[in-house]
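Read off the chains here:
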Amino acid sequence: MPKLTFLGAAGTVTGSKYLVEAANKRLLLDCGIFQGTPELSDRNYKPLPVDPKSFHYLVLTHAHLDHTGLLPRLVKDGYSGPIFANPATIDLTTLLLKDSAHLQEEDAERARTKGYSRHANPQPLYTSEEVDPVLRALKPMPRSGGFDISPEFHIDSYDAGHILGSSSLVLTITENGKKTVVVFSGDIGRYNQPILNDPTTPPANADVLLCESTYGDRDHETGDPAELLAAVVNRVAKRGGSIVIPAFAIGRAQTFMYYLRQLEDQQRIPQLPVYVDSPMALSATELYLKYREDHDIEFNREDDDGKGDPLDVHKFHLTRTADESKQINNVKTPCIIISASGMVTGGRVMHHLVQRLPDPRNAVILAGFQAQGTRGRALQEGAKTLRLFGQEVPVNAEIVELGQFSAHAGKSELLRWLTGLPAPPRQTYLVHGEPSAAQSLQSAIRDKFKWNVSVARYLDTIDLSTSS
Ligand SMILES: [Zn+2]
């Protein structure tokens, strides 16, 4: 009997990991880190409940760390099979894992020397060297269409419109001549947004569907993103402040850059220096040029000065080294700093916040989902101080939420995506959502579609053949 175990992203938005077992083979779909409460992040350091040495295959839906960030641990703990992903996901996973290892080394070193960690001897979850074997195991699969992983497992991929390379995956399991179809939504993106394609619902008759529910309880704020962003930039620049945007260098950073560039060209905002601060910082334009099938940006490269590049603001700076990053502290005139991590769980954005949070002239823009227990969530909920590097930093800067810039479908968009399925799945499980979001989406699906729908529970195993 084919079965599936929820090894993560059940009751939480992070740690995506689903173990499929059929015909004496084991396939893991995604291998993300947990982020948020200490109880969740401690799970990253413990061995998986099932020995990774016994896994045969691994497939990725997209590159975000909550879907890939535990790969180095998995390989260190003995996983020796292939890791299948499409070419864009391979490129982005390479960047994200190297960046993450580098930042963890920086963070652990800093915690050790300054002695503020809750651990006696703070260690990175993995080192840069431990990322290398993962990169060697990454094997390309097609961006769209079908792909045989093995005689038991076949994958069909569809563009999920969430980041470059993001996919919804249809897994067809063959066991004893019987086929079972499992649809994994992956993270679902937005409809009618600039840059990325709209999400595509797989035209598959699913026996079982695993659907994300990050924003299962709400829609994003309405309002013109350009206008809202212009208002923040002008307000902050006028009072001589700066803006910090917690985000990774590739993905949401480009959405901001796209709007900033337009606003600059329309002279609706001043041309401020924009710093993208990451050890792996690179010109994202190259990646967007390489993976044109994922988006609809028109690049006009005839201008050598970059004028034809809609992702390039006029005063753009990449900062790679830790020293360059620290030098941004000396910038006292208005600027915009984009730096990871998106939920302020670590990374260089932490030291930018130490610098910028106490000054009421500054602003922090939160655009991504902020999970329970993260510093990003604390800021969102109006915390008066934030614990950074062992000190309580006063939050005097303006905190601005711009959900319009989210890369995740809102509740109505999730329902729209589900409407695209050709037939009701025999059973639907809601994953990748906090309990209130998953429950709210569960009620909405019952009301609208009358489907069998459950909220996934951590470590539960379901029988895919009779699942009910
Ligand atoms: Zn994602």
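Our structure is the block above this text.
This one's a predicted model, so the numbers in the text were calculated from it and none came from an experiment.

### Some thoughts on the overall build of the protein
Reasoning step 1: Within the protein, the regular secondary structure consists of 13 helices and 22 strands.
Reasoning step 2: The C-alpha atoms of the protein give a radius of gyration of 22 Å, which matches the 23 Å a tight globule of 468 residues would have.
Reasoning step 3: Across its three principal directions, the C-alpha atoms of the protein cover 70 × 50 × 45 Å.
Reasoning step 4: Each of the 468 residues in the protein was classed as buried or not, and the buried ones make up 61%.
Reasoning step 5: In the protein, 74% of the contacts between residues at least 6 apart in sequence involve partners at least 24 apart.
Reasoning step 6: Accessible surface, the protein: about 18,100 Å² in total, of which carbon and sulfur atoms supply 49%.
Reasoning step 7: A gap of 5 Å separates the mean positions of the 49 positive and 56 negative side-chain charges of the protein.

### Concerning the coordination of the zinc ion
Reasoning step 1: Taken together, the protein donors to the zinc ion comprise H62 (NE2), H64 (ND1), H162 (NE2) and D187 (OD), at separations of 2.2 to 2.3 Å.
Reasoning step 2: The site at the zinc ion holds four donor atoms, and with the angles between them running 89 to 167 degrees, its shape is irregular.
Reasoning step 3: Spacing between the donor residues of the zinc ion along the chain follows H-x1-H-x97-H-x24-D. Taken together, the residues H62 in the loop between β4 (57–59) and α2 (65–68) and H162 in the loop between β8 (153–159) and β9 (167–175) connect sequence positions 100 residues apart. Neither residue differs from the other here; H62 and H162 are each classed as buried.

### Examining the side chain of T319
Reasoning step 1: Looking at the element boundaries, T319 is found in strand β14 (residues 316–319).
Reasoning step 2: One polar contact links T319 to D277, side chain to side chain, over a distance of 2.9 Å.
Reasoning step 3: The contact partners of T319, leaving out residues within four places of it in the chain, are Y275, V276, D277, S278, A281, E324, S325, I328 and R348.

### Digging into unusual backbone geometry
Reasoning step 1: Along the chain, A340 connects to S341 via a cis peptide bond; the corresponding omega equals 5 degrees.
Reasoning step 2: Position of S341 relative to the elements: it lies in the loop between β15 (336–339) and α10 (349–356).
Reasoning step 3: For N176, which is not a glycine, the phi torsion comes out positive at approximately 50 degrees.
Reasoning step 4: Among the secondary structure elements, N176 is positioned in the loop between β9 and β10 (178–184).
Reasoning step 5: Overall, the relative accessible area of 78% leaves N176 in the exposed class.

### Here's the deal with the pattern of salt bridges
Reasoning step 1: Considering all chains together, one arrives at 20 salt bridges under this definition.
Reasoning step 2: The partner of R112 in a salt bridge is E109, and the shortest N-O contact between them spans 3.2 Å. Taken together, the residues R112 and E109, both in helix α4 (residues 87–114) and three residues apart, mark about one turn of the helix.
Reasoning step 3: Overall, R112 belongs to the partly exposed group, its relative accessible area being 37%.
Reasoning step 4: Salt-bridge contacts for R235 lead to E398; the nearest nitrogen and oxygen are separated by 2.5 Å. Separated by 163 residues along the polypeptide, R235 in helix α6 (residues 225–238) and E398 in strand β19 (residues 398–401) bring together distant segments of the chain.
Reasoning step 5: In this structure, a network of salt bridges that share partners links the residues E106, D277 and R348.

### A short note on helix α5 (residues 128–137)
Reasoning step 1: Where α5 is concerned, the buried positions are V131, V134, L135 and A137. In an axial view of α5, the angular spread of the buried residues amounts to 155 degrees, which keeps them on one side of the axis. Exposed residues on α5 whose side chains face more than 90 degrees from its buried face are E129 and R136.
Reasoning step 2: Where α5 is buried, its residues contact α3 (71–76), β5 (83–85), α4 and β6 (138–140).

Cut-offs used in this document
- Residues numbered from 1 in each chain as written.
- Predicted model: local features only at pLDDT ≥ 70, side-chain atom pairs only at ≥ 80, totals over all residues.
- Heavy atoms only, no water.
- Helix = DSSP H or I, 4+ residues; strand = E, 2+ residues; numbered from the N terminus.
- Rg over C-alpha atoms; globule rule 2.2 N^0.38 Å.
- Buried < 20%, exposed > 50% of the residue type's maximum accessible area, 1.4 Å probe, protein only.
- Contact = heavy atoms within 4.5 Å.
- Areas by Shrake-Rupley, 256 points an atom, 1.4 Å probe, with all protein chains shown as cover.
- Lys, Arg positive; Asp, Glu negative; His and termini not counted.
- Charge placed at Lys NZ, Arg CZ, Asp CG, Glu CD.
- Donors = N, O, S within 2.8 Å, 3.2 Å for Na, K, Ca; no water.
- Tetrahedral: all angles 85-135°; square planar, octahedral: opposite > 155°, others 65-115°.
- Polar contact = N/O pair within 3.5 Å; in protein donor to acceptor, adjacent residues only side chain to side chain.
- Salt bridge = Lys/Arg side-chain N within 4 Å of Asp/Glu carboxyl O.
- Arc of directions from axis to C-beta.

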